[in-house]
Amino acid sequence: MPVHLKMTLTIKEAAAYSNIGINRLDALLRAPNCPFVLFVGTKKLVKRKEFEEFISKTLII
């Protein structure tokens, strides 16, 4: 399934989709009140739409 059709992305997919490094994404996902993280057990997924909105509003990551 193409990434732009998925509701959630793995960290690797989100890194490839956004050109942001895996380590930086992991740090963003660990931040309190992160608006685009979804925990499935211990697995962290990225909510694609919220992630896109976050990127469009953020100047510096």
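Our structure's up above, just so we're on the same page.
Note that the structure is a prediction, hence the values are computed from the model and not measured. (Residues numbered from 1 in each chain as written. Predicted model: local features only at pLDDT ≥ 70, side-chain atom pairs only at ≥ 80, totals over all residues. Heavy atoms only, no water.)

Novice: Could you give me a rundown of the overall build of the protein, with the residues and numbers involved?
Specialist: Along the protein, the regular secondary structure elements total three helices and three strands. Whereas a compact globule of 61 residues would reach a radius of gyration of roughly 10 Å, the protein reaches 11 Å, a difference of no more than 12%. Projecting the C-alpha coordinates of the protein onto the three principal axes gives extents of approximately 30 × 25 × 20 Å. A buried classification covers 30% of the 61 residues belonging to the protein. (Helix = DSSP H or I, 4+ residues; strand = E, 2+ residues; numbered from the N terminus. Rg over C-alpha atoms; globule rule 2.2 N^0.38 Å. Buried < 20%, exposed > 50% of the residue type's maximum accessible area, 1.4 Å probe, protein only.)

Novice: Which residues make up the sheet that holds strand β3 (residues 43-47), and what are the values?
Specialist: Reading across the sheet, the three strands line up as β1-β3-β2 and stay open at both edges, with antiparallel pairing between neighbours. Two strands in the sheet have a free side with no partner beyond their single neighbour: β1 (8-9) and β2 (37-40). Here two bridges tie β1 to β3, and the two strands are oriented antiparallel to one another. Within β3, the residue paired with Leu9 across the bridge is Val46. (Pairing = 2+ DSSP bridges.)

Novice: Pulling in residues and values, what's your account of the packing of helix α1 (residues 11-18) against helix α3 (residues 48-57)?
Specialist: The N-to-C vectors of α1 and α3 enclose an angle of 40°; their axes lie 12 Å apart at closest approach. Comparing the axis directions of α1 and α3 gives the class oblique. Between α1 and α3 the crossing geometry is right-handed. Contacts between α1 and α3 pair Ala14, Tyr17 and Ser18 from the former with Arg48, Phe51, Glu52 and Ile55 from the latter. Partitioning the contact of α1 with α3 into residue classes produces four nonpolar, one polar and two charged. (Axes fitted to C-alpha atoms, helices over the stretch in contact; angles between N-to-C directions. Parallel < 35°, antiparallel > 145°, perpendicular 65-115°, else oblique. Left-handed = near helix turned anticlockwise from the far one by under 90°. Contact = heavy atoms within 4.5 Å. Nonpolar A, V, L, I, M, F, W, Y, C, P; charged D, E, K, R; others polar.)

Novice: Lay out the packing of aromatic side chains in plain terms, naming residues and giving numbers.
Specialist: What characterises a pair of aromatic rings is the spacing of the ring centres plus the angle enclosed by the ring planes. One pass over the structure, following the stated rule, counts two aromatic pairs. With 5.1 Å between their ring centres and 55° between their planes, Phe36 and Phe51 make a pair best called tilted. A residue pair is termed long-range when its members are at least 10 positions apart, and Phe36 in the loop between α2 (22-30) and β2 and Phe51 in helix α3 qualify at 15 residues. Of the two residues, Phe36 and Phe51, both sit in the buried class. (Phe/Tyr/Trp six-rings, centres within 6.5 Å; stacked < 30°, edge-to-face > 60°.)

Novice: Could you give me a rundown of the nonpolar core, with the residues and numbers involved?
Specialist: In terms of nonpolar packing, the biggest core is built from 13 residues, with Ala14, Leu25, Leu29, Cys34, Phe36, Val46 and Phe51 touching the most fellow members. Among the secondary structure elements, those contributing two or more residues to this core are α1 and α2. Residue contacts for Leu25: discarding those within four places in its chain leaves Ile11, Ala14, Ala15, Ser18, Ile20 and Phe51. (Core = buried A, V, L, I, M, F, W, Y, C linked by side-chain atoms within 4.5 Å.)

Coordinates in, geometry out; function isn't part of it.
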